[in-house]
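Single-letter residue listing:
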Amino acid sequence: MGKYIKFFLVGIFFGIVLVKSEAVSWYRIFEMFKFQSFHMYGIIGTAVGTGIILLLISKLRKVKNTEGSFIRVPLKDRGFTRYIIGGTIFGLGWALAGACPGPMYILIGTGAFSIIIVIIAALFGTFIYGLLKDKLPH
């Protein structure tokens, strides 16, 4: 239990950063999808760039994960169509809900309790995918 406290604290810190940077703001997300502001693209780009740099540093220094094995990124199957379809569905859900899956829980902490409807729908969609995943072309 004690080792999970650091993850809990990092999660709280991450939530505060997302709220302060306005990454959970419906207005900022609306601006992004209408291509009216660089704000969200800057946040996403910075996160991607930081992740790449930290992953490269982790590989060079042979950093191990919490289970003691070296950090590595498994190769993904190539396929243009599924990424376009999946990305479109994800983007439509993000645009309709006004939040991507990560900040949905942070929005509860900010008092936006209507996001509970979106969380229930996301959990239901995940459940449906679990039922259908073996029948879908992966």
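### Quick notes on the overall build of the chain
Then step 1. What the chain contains, in helices and strands, is 6 helices and 0 strands.
Then step 2. Overall, the chain shows an N-to-C arrangement of helices and strands of α-α-α-α-α-α.
Then step 3. With respect to the three principal axes, the spread of C-alpha positions in the chain is 40 × 40 × 35 Å.
Then step 4. Looking at the 138 residues of the chain, the share that counts as buried comes to 17%.
Then step 5. In the chain, the proportion of contacts linking residues at least 24 apart, taken out of those at least 6 apart, comes to 29%.

### A few points about the packing of aromatic side chains
Then step 1. Tallied over the entire structure, the rule returns 5 aromatic pairs.
Then step 2. Ring centres 5.4 Å apart and planes at 90° place the aromatic pair Phe33 and Trp94 in the edge-to-face group. Here the residue Phe33 occupies a position in helix α2 (residues 26–33), and Trp94 occupies one in helix α4 (residues 80–97), the gap between them amounting to 61 residues.
Then step 3. According to the relative accessible area criterion, Phe33 is partly exposed, its value standing at 34%.
Then step 4. Through a chain of ring-to-ring contacts, three or more aromatic side chains come together here, namely Phe33, Phe90 and Trp94.

### Structural notes on the side chain of Glu31
Then step 1. Inspection of the secondary structure assignment puts Glu31 in helix α2.
Then step 2. If near-sequence neighbours (up to four positions away) are discounted, Glu31 is found in contact with Gln36 and Ser37.

Reading the values: the criteria
Residues numbered from 1 in each chain as written. Predicted model: local features only at pLDDT ≥ 70, side-chain atom pairs only at ≥ 80, totals over all residues. Heavy atoms only, no water. Helix = DSSP H or I, 4+ residues; strand = E, 2+ residues; numbered from the N terminus. Buried < 20%, exposed > 50% of the residue type's maximum accessible area, 1.4 Å probe, protein only. Contact = heavy atoms within 4.5 Å. Phe/Tyr/Trp six-rings, centres within 6.5 Å; stacked < 30°, edge-to-face > 60°.

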